[in-house]
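# Architecture and fold: a report
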Amino acid sequence: MEEKLAHVTDVANEAFDFVIVGGGLAGCVLASRLSENLNVTVALLEAGKAHFNDSLIPEVDGWMQLLLNPEYDWVFRTTPQQKAVNSVTTPDGNPTPSFYWSRGKGLGGSTTINFLYWTRPQREEIEATERLGNAGWNWERFFEASKRAERFCAPNEDADAQYRPLYNPQSVGHNGPIPVSFARTSSGMESIFQEALKANGVDAIADAVSSISGSWRAASIIDPETQTRSHAAKGYLYPALGRRNLNVLTEAYVRKVLTKQDGDERVAIGVEFEHGGEVHIVSARKEVIISAGTVKSPHVLELSGIGDPAILKPLAIPVVLDLPPVGANVQDHLLVSAYLFEMRQDHDFITSDTIKLPTFQTKLRQAYGDDSGPLALALSGAAFVPISGFSQRAEQLIEAQERKVAETGGTLPPGLKEQYDLQLEMFKNPSVPDIEIVVFPFSIPPNGMHTSDSGKPFVGLLPSIARPFSRGTIHASSADPSVQPTIEPNYLSEEIDLEILVDSIKFLRKVTATSPWKEAAVGEVLPGPNVQTDEQVRDFVKNNLSTTWHSCGSCSMLPKERGGVVDNKLKVYGTKNLRVADLSILPLIVSVHTQATTYGIAEQAADIIKTEHGL
C-alpha cells in the first residue's frame, strides 16, 4: 500500500483541481468521492502517518491502547477549567482541570481510535440545522447521505434473545463503504440495565430512527466477516489509492491556506505545508477544502489570516479576511466519568478485565467457535432520555432557563439566541432526549476506573449531556503553526448543564436500586454512600467529568449575520472557493456519538461540490 501513496515531489509545486486539508473522516470521504471523476485531480494532505498494516487499529478494543498515544492521537489539551475537572480519561488516571481532547492522527482520523458507536441523531436535531438558516440541510437529505456511507450487516438469527439487536431494514444503508453491524459480544449487563430502565419509564425501542429516545443495542463500525474495526481510510480511501488522479501525501503538516484578493472576495490559490522538515506549496485550480476537524479547521483558517482581527493582530498574523465567528460557538458533550458499580461474579459478566481470564476465553470460544476470529468486547449499551424522563424538577429547570435566555437575549453573541430557542423547544419535547447513558464495562488504562486487577467485574453507567448550553472557543495561540491552538470549552459555564448532570446521577441511583440491577450488583463504588445530599452530588459531578470527544461548531454553518463562518454550500464567507467540510460546521450539537453525523456531512459536501462543478 505504501507504494500507492504520493511522494512529496508528486505534490510540491504541482497544481491540482482540489486540495483537501486533512485525511480524517471527512477528508477520506471527499478524496474518494471527488476522484471518482477521472477528469479532475485531487491532492489530500494528512499530517499523520498512513498506519498501513498497523496491528492495533483493526482491533475492536484497540482504542484502549490508541487513546492518548501520540503516535495515533493529537492529544490536544484545553485551558484549565474553572468549574469542571477531568478525571479518569487522563494519561495517569489522575484528575486535572485541563481536559484531554483526543483526536485521531493519521489516515482515517478519529474513526481509527473512537469507541466504534454508530448512532444517528434525532430528526429534530438535524431539522434544527436547517431552521437556523441553512436551506437544504434537512433530515431527509441527511438521512439518505448517511445511509450512503454504510453497509449494514444483519445479525445472525441466533443473536442474543435477551439483548436483541433490533433494526428496521429501511432505516439502514446496504451498499456503502463502511461495514456496520451489531457487536457479537456484550457484557451481559446491558440487558439487565434495560430492564431496570423499563421499570423506571424508559422503554427499549426497536428502531432508533423515528426517535432515539429509549434504550437500545447500538450498532458499531465492526466488519462481521473479519471482526475488525471499519474506518474511513479503509472504507473510502484505500480502494481509491490506485486512481491516477488522486495523490495522497501523509506526514504533510499544513501551515496555512494561500489566498489572493479578487474583487470583494478572497480566492484560495494553494496550501503551504511542511514535510520532512521543509516547507512546500501545492496549488489549487478549483478549490481548497479544509477537513481538519473541529480543533484544527478554525486553527488553519486563523493561521491563514481569516478570523477575528482581535485574535490575529496580537499574534502578528496578517489579517486577509475579517471574520470574527471563526473558532466561536464551540460545543461538546460532557460526561460524568465515575459512576461505578462492582457487579456479582456469579453472573459471568464480561468486562475488559474479566474477558482476559482463561475461564471466560474458554466460554467465549465454546460459544463462537475456535476459528471465529478475535474475541473482544465492544460498547453497545445506550439509552437516551428526555429531561421529563429523568428529572423530577424538569419544568422548574426549563422555566428557569427560559427566563435566563429571555433576560440575556439582547446581550448574547449573534445567532446564539436562535440556537437557545431551539434547544428550549427540544427540551419541552418528550420525544427528544437530553442525556445519553452509556453502559461502560471497560477500565481506562493505566489506572482504570478502579484500583483492582483482581478480575472482578466493574461497570460504569456514564451519563452525558446531549445539547449543552455552554459555549466555548478555539483560537490560534501563536503564529507558529506547530503550536496547538487554545481550546476553551467553558464547561459548565451555564448552570443548567451542571443541573442536568446532577439529576442524571440521581435518576441512575433510582434505576440501580431497581430489579434486576440491584440483585446483580455488589454495590455502588463511586460516588459511594458518603455522597448523598444534592450539594455532595453536585460537587462529585464537577470533579469527575470527561469530554466524549464530540466537539463541533467552531466553523459554524449559519447566516453570516448570525455568527456563521460558512454558508449552506460550506463556502467560507468572503471567499470564492474555500470550503470547510467536517463536524466543525455543525452549528448545534446533536445528542449522539458523532461519526455517523460526520459521514452524512461529508457525503452532502461531496454532493454540493460535484454539483457546483458539474462532476
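Our structure is the block above this text.
Rules of the game
- Residues numbered from 1 in each chain as written.
- Predicted model: local features only at pLDDT ≥ 70, side-chain atom pairs only at ≥ 80, totals over all residues.
- Heavy atoms only, no water.
- Helix = DSSP H or I, 4+ residues; strand = E, 2+ residues; numbered from the N terminus.
- Buried < 20%, exposed > 50% of the residue type's maximum accessible area, 1.4 Å probe, protein only.
- Contact = heavy atoms within 4.5 Å.
- Areas by Shrake-Rupley, 256 points an atom, 1.4 Å probe, with all protein chains shown as cover.
- Lys, Arg positive; Asp, Glu negative; His and termini not counted.
- Charge placed at Lys NZ, Arg CZ, Asp CG, Glu CD.
- Salt bridge = Lys/Arg side-chain N within 4 Å of Asp/Glu carboxyl O.
- Pairing = 2+ DSSP bridges.
- Core = buried A, V, L, I, M, F, W, Y, C linked by side-chain atoms within 4.5 Å.
- Polar contact = N/O pair within 3.5 Å; in protein donor to acceptor, adjacent residues only side chain to side chain.
- Phe/Tyr/Trp six-rings, centres within 6.5 Å; stacked < 30°, edge-to-face > 60°.
- Lys NZ or Arg CZ within 6 Å of the ring centre and 35° of its normal.
- Expected span 1.5 Å × (residues − 1).
- Axes fitted to C-alpha atoms, helices over the stretch in contact; angles between N-to-C directions.
- Parallel < 35°, antiparallel > 145°, perpendicular 65-115°, else oblique.
- Nonpolar A, V, L, I, M, F, W, Y, C, P; charged D, E, K, R; others polar.

## A short note on the overall build of the chain
Counting its secondary structure elements, the chain contains 17 helices and 27 strands. The principal-axis extents of the C-alpha atoms in the chain amount to approximately 70 × 65 × 45 Å. Across the 615 residues of the chain, 62% fall into the buried class. Of the contacts made within the chain by residues no fewer than 6 positions apart, 75% connect residues no fewer than 24 positions apart. A total of about 22500 Å² of accessible surface is found on the chain, and carbon and sulfur atoms cover 48% of it. Treating the 55 positive side-chain charges of the chain as one cloud and the 75 negative ones as another, the clouds have centres 2 Å apart.

## Let's talk about the side chain of Glu302
Here Glu302 lies in helix α8 (residues 293-303). In this structure, Glu302 is buried with no salt-bridge partner, the nearest side chain bearing the opposite charge being Lys296 at 9.9 Å. Other than its neighbours up to four places away in sequence, Glu302 contacts Ile311, Leu312, Ile317, Val326, Ile474, His475 and Ala476.

## Observations regarding unusual backbone geometry
In terms of backbone geometry, most residues other than glycine have negative phi values and most peptide bonds are trans. Omega for the peptide link from Ser515 to Pro516 comes to 0°, which places this bond in the cis form. Relative to the assigned elements, Pro516 resides in the loop between α14 (495-512) and α15 (517-520). In this structure, Val75 takes a positive phi of about 50° despite not being glycine. With respect to the helices and strands, the residue Val75 is situated in the loop between α3 (63-66) and β3 (76-80). Take Val75: its relative accessible area is 17%, and that puts it in the buried class. Positive phi, close to 60°, is recorded for Asn329, a residue that is not glycine. Position of Asn329 among the secondary structure elements: in the loop between β17 (321-322) and β18 (334-336). The buried category is assigned to Asn329, whose relative accessible area is 12%.

## Thoughts on α8
Within α8, 10 of the 11 residues are buried, which leaves it mostly tucked inside the rest of the structure. Among the residues trailing α8, Gly305 stands out with phi positive, at a value near 85°.

## As for the pairing of strand β13 (residues 253-262)
By the bridge criterion, nine bridges tie β13 to strand β14 (residues 265-275) in an arrangement that is antiparallel. Across the sheet, residue Tyr253 finds its bridge partner in β14, namely Glu274. Connecting β13 to the antiparallel partner β14 that follows it, the hairpin turn spans two residues, and Gly263 within it adopts a positive phi of roughly 70°.

## What about the nonpolar core?
Membership of the largest hydrophobic core comes to 122 residues, with the highest contact counts inside it found for Leu45, Phe273 and Leu301. Broken down by element, this core gets its largest block of residues, eight residues, from helix α17 (residues 595-612). Among residues more than four places away in sequence, those in contact with Leu301 are Ile290, Ile306, Val326, Cys555, Val565, Val572, Leu578 and Val580. Within the second largest apolar cluster, 60 residues are counted, among which are Ala196, Ile435, Val459 and Leu492.

## Considering the environment of Lys417
As for its position among the elements, Lys417 is in helix α13 (residues 416-427). As for Lys417 and Arg562, which are separated by 145 residues in sequence, their C-alpha atoms are 9.4 Å apart. When residues no more than four places from it in sequence are discounted, the contact partners of Lys417 are Val405, Gly409 and Leu412.

## Quick word on the environment of Gln227
Looking at the element boundaries, Gln227 is found in the loop between β10 (222-223) and β11 (228-229). Its relative accessible area of 12% is what places Gln227 among the buried residues. When the C-alpha positions of Gln227 and Thr185 are compared, they lie 11 Å apart, and in sequence the two are 42 residues distant. Separated by 3.2 Å, the side chain of Gln227 and the backbone oxygen of Pro224 make a polar contact.

## As for the packing of aromatic side chains
Counted by the stated rule, this structure contains 23 aromatic pairs. Aromatic pair Trp63 and Phe440: ring centres 6.2 Å apart, planes at 50°, arrangement tilted. Residue Trp63 is found in helix α3, and its partner Phe440 is found in strand β21 (residues 435-440); the two are separated by 377 residues along the sequence. Neither residue differs from the other here; Trp63 and Phe440 are each classed as buried. Summarising the aromatic geometry, the rings of Trp216 and Phe384 are spaced 5.5 Å apart at their centres and angled 20° between planes, so their arrangement reads as stacked. With Trp216 in strand β8 (residues 214-217) and Phe384 in strand β20 (residues 381-385), this residue pair connects regions lying 168 residues apart in the sequence. Taken together, the ring pairs in this structure connect Trp63, Phe115, Phe440, Phe442 and Trp549 into an aromatic cluster. The aromatic ring of Trp74 is capped on one face by Lys105, whose charged end is 4.6 Å from the ring centroid.

## Side note on the environment of Val75
Between the C-alpha atom of Val75 and that of Trp101, which follows or precedes it by 26 residues, the distance is 5.8 Å. Ignoring anything within four residues of it in the chain, the contact list for Val75 reads Leu68, Pro70, Tyr100, Trp101 and Gln484.

## Focus on the pattern of salt bridges
If you walk through the whole model with that rule in mind, you get 29 salt bridges. Two residues, Lys610 and Glu36, come together in a salt bridge whose shortest N-O distance is 3.1 Å. Here the residue Lys610 occupies a position in helix α17, and Glu36 occupies one in the loop between α2 (25-34) and β2 (42-45), the gap between them amounting to 574 residues. Take Glu36: its relative accessible area is 37%, and that puts it in the partly exposed class. The closest approach of N and O atoms between Glu71 and Lys49, which form a salt bridge, is 3.3 Å. With a gap of 22 residues between them, Glu71 in the loop between α3 and β3 and Lys49 in the loop between β2 and α3 connect regions that are remote in the sequence.

## Points about α14
Here α14 is 18 residues long and its end C-alpha atoms lie 26 Å apart, about the 26 Å a rise of 1.5 Å per residue gives. With 15 of its 18 residues buried, α14 lies for the most part within the structure.

## Thoughts on the packing of helix α6 (residues 189-198) against α14
Two numbers describe a pair of packed helices, the interaxial angle and the distance between the axes. The geometry of α6 relative to α14 is characterised by a closest axis approach of 9 Å and an angle of 105° between their N-to-C directions. Taken together, the axis directions place α6 and α14 in an arrangement best described as roughly perpendicular. Contact residues: Phe193, Ala196 and Leu197 in α6; Phe507, Leu508 and Val511 in α14. The residue makeup of the contact of α6 with α14, split by class, is six nonpolar, no polar and no charged.

All we've got here are geometric facts, nothing functional implied.
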